[in-house]
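Residues per chain are reported as follows:
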Amino acid sequence: MKLASEQITSYDRDGFLVLENFVDAQACDQLRARAARLVRDFNPQGVVSVFSTHEQTRTSDDYFLESGDKIRFFFEENAFHSDGTLRQSKEHSINKIGHALHDLDPVFDKFSRTPQIKQLVSDLGLVDPLLLQSMYIFKQPRIGGEVTCHHDATFLYTEPLRLVGLWFALEDATIENGCLWAITGGHKLGLKSRFVRVEGGGTRCEVIDGTPWPEANLRPLEVKQGTVIVLHGLLPHLSRENRSSKSRHAYTLHFIDASAHYPGSNWLQRSAEMPLRGF
Ligand code: FE2
């Protein structure tokens, strides 16, 4: 179904759009089952990588930097005892899986390339959309880590900026279990920083505008399973820790337009054998 003009107006004004019942429960449950299967088959021996938004250099190891065209697993920061052993089962310790599920796994491919999603990104102004990144985010019970305020264009920058994120709630997301929060209209503040590769290895954050986020304007986006939240690439958002006993699984997709330049300095790069694809 096409977006109504009021919905496009509200997306342009707020920088986000909440679409309830975009995906049916069965599709959400299929994706959750598939993610569980991938985790079950994942052998963490020797490849432990932690995802943290607090200490970005720690995550910038090769395992992370090479994950743009792979399926890789990142642990919660609080998953480990001080001796390095897991505090909970492997299944309850993974922060996220990324970043090319949509190209490498048939179940994720099918979920990510539906006519409904194609119509949606077209309505949002992407003329020749490419699927750039996918993430399965677990937000585990009790140890689900905080994601500090950011906009996705910091990580996935294009010139001109043509970036749209889709955030699918695979379970109900509440304040209690760490739902998204967004600064309404904050996409009009402009680009704050870029997270780029450094020659010789590693990454760095280039600050463009060091003024703090107007976090007083944050509002929670509590949504039901099956809802998709559309995020403008410049919309500031965050999610808080999950201290509850409930998980908060979500799947995210990021689209860019083929007409925009995608710099080689962006952290996410794909090999020549695996170019970006659309629908
Ligand atoms: Fe984000």
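Attention here is on the structure that accompanies the text. In this text, all values refer to a predicted model and were calculated from it rather than measured experimentally.

If you tally the helices and strands in the protein, you get 7 helices and 14 strands. For the protein, whose C-alpha radius of gyration is 18 Å, the value lies close to the compact-globule estimate of 19 Å for 279 residues. Burial status across the protein gives 53% buried among its 279 residues. Once local pairs closer than 6 in sequence are excluded, the contacts in the protein between residues at least 24 apart make up 83%. Carbon and sulfur atoms form 50% of the exposed surface of the protein, whose accessible area is close to 12,600 Å².

The next point concerns helix H7 (residues 115-123). Listing the buried residues of H7 in full gives Ile117, Leu120, Val121 and Asp123. Along the long axis of H7, the arc covered by the buried residues comes to 155°, so they all point the same way. Of the residues trailing H7, glycine 125 is marked for its positive phi of about 100°.

Around the iron ion, the protein contributes the donor atoms His150 (NE2), Asp152 (OD) and His237 (NE2), which lie 2.2 Å from the metal centre. Mapping the donors of the iron ion onto the primary sequence gives the spacing H-x1-D-x84-H. In this pair, histidine 150 sits in strand E6 (residues 147-150) while histidine 237 sits in strand E13 (residues 237-239), placing the two residues 87 residues apart along the sequence. According to the relative accessible area criterion, histidine 150 is buried, its value standing at 15%.

Counting through the fold element by element, arginine 72 comes out in strand E3 (residues 71-76). Using a relative accessible area of 15% as the deciding quantity, one classes arginine 72 as buried. There is a polar contact of 2.9 Å between the side chain of arginine 72 and the backbone oxygen of tyrosine 63. Residues contacting arginine 72, with those up to four places away along its chain left out, are Asp62, Tyr63, Glu66, Ser67, Lys96, Ile97 and Gly98.

The full count for this structure, using the stated rule, is 15 aromatic pairs. Arranged with centres 6.3 Å apart and planes meeting at 45°, the rings of phenylalanine 42 and phenylalanine 75 form a pair that is tilted. Note that phenylalanine 42 is positioned in the loop between helix H2 (25-41) and strand E2 (50-51) and phenylalanine 75 in strand E3, a separation of 33 residues in sequence. The exposure class of phenylalanine 42 is buried, given its relative accessible area of 8%.

This brings us to helix H1 (residues 5-14). The set of residues buried in H1 consists of Ser10, Tyr11 and Asp14. Axial view of H1: buried residues confined to an arc of 105°, hence all on one face. At the C-terminal side of H1, glycine 15 shows a positive phi close to 90°.

Okay, the environment of histidine 150 next. Distance from histidine 150 to serine 193, taken between C-alpha atoms, is 9.0 Å for residues 43 residues apart in sequence. Residue contacts for histidine 150: discarding those within four places in its chain leaves Phe155, Trp213, Leu235, Pro236 and His237. Polar contacts involving the side chain of histidine 150 include one to the main-chain carbonyl oxygen of threonine 148, which spans 2.9 Å. Only 3.1 Å separates the side chain of histidine 150 from the side chain of aspartate 152, close enough to count as a polar contact.

So, about the nonpolar core. As a rule of thumb, nonpolar side chains are buried together in soluble globular proteins. With 54 residues, the main nonpolar core has Ile97, Leu166, Phe168, Val230 and Tyr251 as its most contacted residues. Considering each element in turn, this core owes the most residues, 5 residues, to H2. If sequence neighbours within four positions are ignored, valine 230 has contacts with Tyr11, Gly15, Phe16, Leu17, Leu19, Leu120, Leu124, Val164, Gly165 and Leu166.

As a further point, take the pairing of strand E7 (residues 163-169). Counting buried positions over the 7 residues of E7 gives 7, a clear majority of the element. What you see with E7 is no split at all: Leu163, Gly165, Trp167 and Ala169 on one side and Val164, Leu166 and Phe168 on the other are buried throughout. Sheet topology places E7 next to strand E12 (residues 228-232); 5 bridges connect them, and they run antiparallel. By the bridge assignment for E12, tryptophan 167 is matched with isoleucine 229.

About the criteria used
Residues numbered from 1 in each chain as written. Predicted model: local features only at pLDDT ≥ 70, side-chain atom pairs only at ≥ 80, totals over all residues. Heavy atoms only, no water. Helix = DSSP H or I, 4+ residues; strand = E, 2+ residues; numbered from the N terminus. Rg over C-alpha atoms; globule rule 2.2 N^0.38 Å. Buried < 20%, exposed > 50% of the residue type's maximum accessible area, 1.4 Å probe, protein only. Contact = heavy atoms within 4.5 Å. Areas by Shrake-Rupley, 256 points an atom, 1.4 Å probe, with all protein chains shown as cover. Arc of directions from axis to C-beta. Donors = N, O, S within 2.8 Å, 3.2 Å for Na, K, Ca; no water. Polar contact = N/O pair within 3.5 Å; in protein donor to acceptor, adjacent residues only side chain to side chain. Phe/Tyr/Trp six-rings, centres within 6.5 Å; stacked < 30°, edge-to-face > 60°. Core = buried A, V, L, I, M, F, W, Y, C linked by side-chain atoms within 4.5 Å. Pairing = 2+ DSSP bridges.

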